[in-house]
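Inside the fold
One-letter residues, chain by chain:
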Amino acid sequence: MENPYEARKDSIDTRKNIGKEKVIIYAGRIMRLKNLDFLIDVFLRFRENHKDFKLKILGDGPYRDNLESKIKILGGEAVGIIIGPGLLKADFLKELQKSYLYILPSLSDMTPNSVLDSFALGTPFISTKETGFQYFLEGKAKTFDPFNPGELLDIFEYLAIDKNYQAYQKSLEGI
């Protein structure tokens, strides 16, 4: 049985992210399974040529202290990485709606509700190929191998171009 979601068509505007702060957001449990070290490493490579982008990681979990230490050593907000607390659902949806892109870098996630929330709000997302949604995302959404940093970097580079981002946002509406 699939998880339900309700599209909020009244809040969807395919131009809503143009001109806003370019934030790539992850929200969820902070644990090794979520592959956040991989995400940070790829994001730092991407940000070398895209200083206007930020990565926001929100959540709590057993790996949070390790991740906070890594982010602090790397330079934190000075290198565009923000780590924040877990949020209530309503607060997460507000963050998601104003974000440029949602990312799910997890090594495994059967039914990621955060992806459904992205659909509902019209916020573009990318995820690994290791989700239970791959059967309907295949060939339609941007997915990547969670062990291949080049694939994720290529997606980031592609979506950093406004016309590509707008086309991707529009194509997701058709899923």
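Residues numbered from 1 in each chain as written. Predicted model: local features only at pLDDT ≥ 70, side-chain atom pairs only at ≥ 80, totals over all residues. Heavy atoms only, no water.

**Some thoughts on the environment of K129**
Within the secondary structure, K129 is located in the loop between β5 (125-128) and α5 (134-137). According to the relative accessible area criterion, K129 is partly exposed, its value standing at 37%. A sequence separation of 21 residues divides K129 from S108, and the C-alpha atoms of the two residues are 8.6 Å apart. (Helix = DSSP H or I, 4+ residues; strand = E, 2+ residues; numbered from the N terminus. Buried < 20%, exposed > 50% of the residue type's maximum accessible area, 1.4 Å probe, protein only.)

**A word on the side chain of D109**
Along the chain, the position of D109 falls in the loop between β4 (101-104) and α4 (113-121). Judged by its relative accessible area of 15%, D109 falls in the buried class. If we ignore the near neighbours within four places in the chain, the residues touching D109 are K34, L104, E130, T131 and G132. (Contact = heavy atoms within 4.5 Å.)

**What to know about α4**
Here α4 lies mainly inside the structure; 8 of its 9 residues are buried. All of the buried residues in α4 are S114, V115, L116, D117, S118, F119, A120 and L121. Packing partners of the buried residues in α4 comprise α3 (89-98), β4, β5, α5 and α7 (162-173). One or two positions beyond α4, positive phi appears at G122, with a value near 80°.

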